[in-house]
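These are the residues of each chain, in order.
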Amino acid sequence: MRRDHDKEFGRLLIKLSNLIGLSALTTFLLLIIVVIFHLTSANTYLPDLSQVFQNDASDEVPKIIEDDEIWKAPDLASLPATPEGDQIRYGNELVKNTAQYLGPEGSVLHISNGMNCQNCHLDAGTKPFGNNYSLVASTYPKVRARSGVEEDVTRRVADCFERSLNGTAPDKDSKEMQAMVAYIQWVGKDVKKGEKVKGSGLMDIEMLDRAASPELGKAVYIQKCQVCHGEDGQGIKSADSSEYTYPPLWGEHSYNDGAGLYRISNFAKYVKANMPLGATYDKPQLTDEQAWDVAAYINTHPRPKKDISKDWPDISKKPFDNPFGPYTDSFPEQQHKYGPFKPILAAK
Ligand code: HEC
Ligand code: HEC
């Protein structure tokens with residue numbers, strides 16, 4: 001009887017120790033999982049936390065986070081070897097080397113001024129704050145105040161041909177137009193409707209309290225721009241003259257006075273994050289003041305004229321720095337061109 005009892009007790013002990021062993025093992029495994037999770041997730045979660053806790057401590061932390069979140073275009077190498085892939089690749093080629101196909105000596109048509117789309121839409125419209133195409137696919141078609149009508153991507157591309165490239169657009173059914181539109185849509189394909197992306201379009205800069213000064217801008221130009229864009233702003237062509245190595249900034253081969261860059265806010269924002277060549281949004285080379293002043297200087301020079309009598313059918317929607325009246329306010333054209341803009345904005 002006693003033996004049975006002992007046996008029973010023995011079994012109980014064994015069961016108990018098994019149980020303890022098992023739970024110890026489980027605890028141990030759980031610990032390992034927690035440690036591994038902590039290690040791998042530390043990188044992604046800690047910066048967020050540190051941002052919350054040391055708001056003003058250093059501006060390094062938010063910058064790192066912004067870098068992570070900054071919009072990236074899809075990779076051209078990911079395109080399949082299909083007719084659709086070929087069309088998008090051709091569109092990319094046309095945006096990069098527009099003049100070779102559609103410039104004054106273009107191989108397809110002679111319909112534009114010799115500039116490339118890429119001169120203003122850097123890295124073929126993929127550079128953060130380089131006037132990129134990130135939001136085009138998700139925001140067009142849309143009603144634009146400049147024309148007062150709904151514009152699709154084809155119409156928007158045509159606008160840049162007629163203004164920035166001071167020419168005419170290829171037919172909407174042409175292989176070239178369709179390829180450019182397909183490319184531009186593809187660049188923004190991962191952005192959802194209504195989604196805001198960091199790095200889209202142009203970079204915001206501070207408004208000045210004074211008018212932008214062409215005189216101060218001239219000094220900036222001589223010091224920081226002239227070496228590439230030339231003393232006379234005419235740029236420099238490549239050896240075989242098929243394309244500009246450095247595009248013109250004014251004169252008959254430049255954008256016309258109906259173009260986006262003729263508004264000095266657009267020009268200043270473009271230059272701030274992109275010029276002199278090599279500047280980026282996080283490593284700008286000009287102060288905001290220099291950007292405004294050089295914009296004013298460059299846009300005092302003569303350039304081709306566009307018939308803009310049909311622009312801004314609702315004049316109350318004109319941007320503050322549209323240099324052509326009539327306006328709904330009483331500020332003169334001169335002030336709408338150079339500023340000071342704060343009083344104009346305050347009166348809106
Ligand atoms: C001289 C500079 C310049 C050139 C060259 C140029 N563009 Fe533009 N483009 C601009 C500016 C500036 C804007 C923004 C204008 C604004 O918002 O008022 C713009 C806007 C656009 C947009 C709309 C972007 C958006 O998010 O709404 C598209 C699409 C576009 N351009 C396509 C092209 C194509 C295609 C070419 C070549 C055929 C081209 N552009 C050549 C300056 C240029
Ligand atoms: C080291 C040479 C270099 C310097 C310096 C330089 N740029 Fe540029 N700039 C370029 C090149 C190259 C492009 C065309 C970029 C491309 O096609 O990828 C360009 C394009 C531009 C454009 C858009 C295209 C056009 O011709 O309208 C503007 C505006 C511009 N630069 C303004 C400036 C200003 C203002 C400065 C001085 C603050 C400046 N750049 C300094 C090389 C330079």
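Residues numbered from 1 in each chain as written. Chains lettered and ligands numbered in written order. Predicted model: local features only at pLDDT ≥ 70, side-chain atom pairs only at ≥ 80, totals over all residues.

**A closer look at the site of ligand 1**
What counts is decided by this rule: The C-beta atom of each residue is placed using the backbone, and any residue whose C-beta lies within 6 Å of a molecule or strand is treated as near it. Helix and strand assignments follow DSSP, with helices taken as H or I runs no shorter than four residues and strands as E runs no shorter than two, numbered in order from the N terminus. When residues are grouped by polarity, Ala, Val, Leu, Ile, Met, Phe, Trp, Tyr, Cys and Pro land in nonpolar, Asp, Glu, Lys and Arg in charged, and all others, Gly among them, in polar. Where each domain begins and ends is defined by an automated method or by a domain database.
Surveying the vicinity of ligand 1 reveals 25 residues, the closest of which are Cys117, Cys120, Cys160, Ser164 and Gly260. No other element matches the four residues that helix H8 (residues 153–162) contributes to the shell around ligand 1. Taken together, the residues of the shell around ligand 1 sort by class into 16 nonpolar, eight polar and one charged. Residue-level mapping places the shell around ligand 1 at the junction of two domains, with at least three residues from each of domain 2 (76–187) and domain 3 (214–346).

**Regarding the packing of helix H10 (residues 214–224) against helix H13 (residues 288–298)**
To describe two helices that pack against each other, one gives the angle between their axes and the distance between the axes. Note the following rule: The axes used here are C-alpha line fits, helices contributing only the stretch in contact, and every angle between their N-to-C directions lies in the interval 0 to 180 degrees. Here the angle decides the label: under 35 degrees means roughly parallel, over 145 means roughly antiparallel, 65 to 115 means roughly perpendicular, and every other value means oblique. A pair of residues counts as a contact when their C-beta atoms, built from backbone coordinates, are separated by no more than 7 Å.
Closest axis-to-axis distance for the H10/H13 pair is 7 Å, and the angle between their directions is 100°. The angle between H10 and H13 falls in the class roughly perpendicular. Taken together, the residues of H13 that come into contact with H10 (itself represented by Pro214, Leu216, Gly217, Lys218, Val220 and Tyr221) are Gln290, Asp293, Val294, Ala295, Ala296 and Tyr297. Classifying every residue of the contact of H10 with H13 by side-chain character gives eight nonpolar, two polar and two charged.

**Structural notes on the site of ligand 2**
Close contacts around ligand 2 come from 24 residues, with Cys225, Cys228, Pro247, Met275 and Pro276 the closest. Sorting the residues of the shell around ligand 2 by element identifies helix H5 (117–120), H10, helix H11 (226–229) and helix H12 (264–274) as the ones contributing at least two each. Split by residue class, the shell around ligand 2 holds 19 nonpolar, four polar and one charged. Counting only domains with at least three residues in the shell around ligand 2, you end up with domain 2 (76–187) and domain 3 (214–346).

**Some remarks on unusual backbone geometry**
Here the residue pair tyrosine 140 and proline 141 is connected by a cis peptide bond, since its omega of -5° sits within 30 degrees of zero. Position of proline 141 relative to the elements: it lies in the loop between helix H7 (136–139) and strand S1 (142–144). In this model, glycine 325 is joined to proline 326 through a cis peptide bond whose omega is 0°. For proline 326, the position within the fold is in the loop between H13 and helix H14 (333–338).

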